[in-house]
Amino acid sequence: MARAQAHTLEAIAAAMILVSSLVFALQVTAVTPLTGSTSSQHIENQQAAVAEGLLATADANDTLRPTLLYWNESDENWHGATDDGYVRGPPPTAFGAVLDDALSNRGIAFDLTVYYVDEEGDRRRLPIVDLGEPSDHASTARRLVTLTDGDRLRAADGTRTDDTLGDSSYFVGDADPEQNLYAVVEVELVVWRI
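Residues numbered from 1 in each chain as written. Predicted model: local features only at pLDDT ≥ 70, side-chain atom pairs only at ≥ 80, totals over all residues. Heavy atoms only, no water.

Examining the pattern of salt bridges
Going through the model one piece at a time under the given rule, you end up with eight salt bridges. For the salt bridge of Asp 59 with Arg 143, the shortest nitrogen-to-oxygen distance reads 3.3 Å. Taken together, the residues Asp 59 in helix H2 (residues 38-60) and Arg 143 in strand E5 (residues 139-148) connect sequence positions 84 residues apart. For Asp 62, the salt bridge identified is with Arg 65, shortest N-O distance 3.2 Å. Relative accessible area serves as the criterion here: at 41%, Asp 62 is assigned to the partly exposed category. Several salt bridges converge on common partners, so that one network encompasses Glu 52, Asp 59 and Arg 143. (Salt bridge = Lys/Arg side-chain N within 4 Å of Asp/Glu carboxyl O. Helix = DSSP H or I, 4+ residues; strand = E, 2+ residues; numbered from the N terminus. Buried < 20%, exposed > 50% of the residue type's maximum accessible area, 1.4 Å probe, protein only.)

Some remarks on the packing of aromatic side chains
Tallying each qualifying case throughout the model produces seven aromatic pairs. Consider the rings of Trp 71 and Phe 171, whose centres lie 5.3 Å apart with planes at 50°: the pair is tilted. Of this pair, Trp 71 sits in strand E1 (residues 71-72) while Phe 171 sits in the loop between strand E7 (160-164) and strand E8 (181-193); the two residues are 100 residues apart in sequence, bridging distant segments of the chain. Phe 171 gets classed as buried once you look at its relative accessible area, which sits at 16%. For the pair Tyr 116 and Phe 171, a centre-to-centre distance of 5.0 Å together with 70° between the ring planes defines the contact as edge-to-face. Of this pair, Tyr 116 sits in strand E3 (residues 108-117) while Phe 171 sits in the loop between E7 and E8; the two residues are 55 residues apart in sequence, bridging distant segments of the chain. Note on accessibility: Tyr 116 and Phe 171 belong to one class, buried. Within the aromatic cluster, the residues linked to one another by ring pairs are Trp 71, Trp 78, Tyr 116, Tyr 170, Phe 171 and Tyr 182. The aromatic ring of Tyr 115 is capped on one face by Arg 123, whose charged end is 4.2 Å from the ring centroid. (Phe/Tyr/Trp six-rings, centres within 6.5 Å; stacked < 30°, edge-to-face > 60°. Lys NZ or Arg CZ within 6 Å of the ring centre and 35° of its normal.)

Describing the nonpolar core
Nonpolar side chains tend toward joint burial in soluble globular proteins. Among the nonpolar cores identified, the biggest contains 35 residues, and Leu 68, Tyr 170, Phe 171 and Leu 189 are the most heavily contacted of them. In contact with Phe 171, not counting residues within four places along its chain, are Trp 71, Trp 78, Val 114, Tyr 116 and Leu 126. (Core = buried A, V, L, I, M, F, W, Y, C linked by side-chain atoms within 4.5 Å. Contact = heavy atoms within 4.5 Å.)

Some words on the sheet that holds E8
Strand order in the open sheet formed by four strands is E4-E3-E8-E5, with antiparallel pairing between adjacent strands. A strand with exactly one partner marks an edge of an open sheet, and here the two such strands are strand E4 (123-130) and E5. The mean inter-strand angle of the sheet, taken between neighbouring strand axes irrespective of direction, is 25°. Sheet topology places E5 next to E8; 10 bridges connect them, and they run antiparallel. If you follow Thr 140 over to E8, its bridge partner there is Val 190. (Pairing = 2+ DSSP bridges. Axes fitted to C-alpha atoms, helices over the stretch in contact; angles between N-to-C directions.)

A word on the confidence of the model for the protein
Model confidence for the protein is summarised by a mean pLDDT of 84, while 91% of its residues fall at 70 or above. Mean pLDDT across the secondary structure elements of the protein bottoms out at helix H1 (residues 2-28), with 80, and peaks at E5, with 93. (pLDDT = per-residue confidence, 0-100.)

What to know about the pairing of E8
The buried fraction of E8 is high, at 10 of 13 residues. Sheet topology note: the E3/E8 ladder contains eight bridges and is antiparallel. Paired with Leu 112 across the strands is Leu 189, a residue of E8.

What to know about the environment of Ala 58
Within the secondary structure layout, Ala 58 lies in helix H2. Relative accessible area serves as the criterion here: at 3%, Ala 58 is assigned to the buried category. Spatially, the C-alpha atoms of Ala 58 and Ala 94 are 8.7 Å apart, while their sequence positions differ by 36 residues.

This is the structure in structure tokens:
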């Protein structure tokens, strides 16, 4: 009889340990709306593809370059930039309209930044559009763009001015004054769901 009671107590103790372990494991791994899942990974992949497609199409249609040339000579900054130097929305260029339609109107925030190499050989960044701090699930696409000495800057309304990069105070210095090449810059588009 004592042996049967010992086996019963042993079984109850083992069951309690097993149930306690399961309860602890379930409490440690809480599932929240921001927990990574197959569907959120799919959304991130889709956003990365959209960002890459937007940059590739804009480069192929030559609508990316005018956005990079949307430079205010007198302020030495982008047209419409705030005191801290950022444009808070898409610039009124063809590429800006595409960003607005494809991203802003669909609840997707984005940052558009240009990277360049300065005279000392250091890599620098200059935000074009800054809509806030990207989330942990942001996707990034990059594209290299070649600028030439003859590229004309754009006015506030997006039309070409008489000022060329070779004769301007553009933020990037002329890489080779004896050649037509002005600079090669990298455009970065970071997108995330709001």
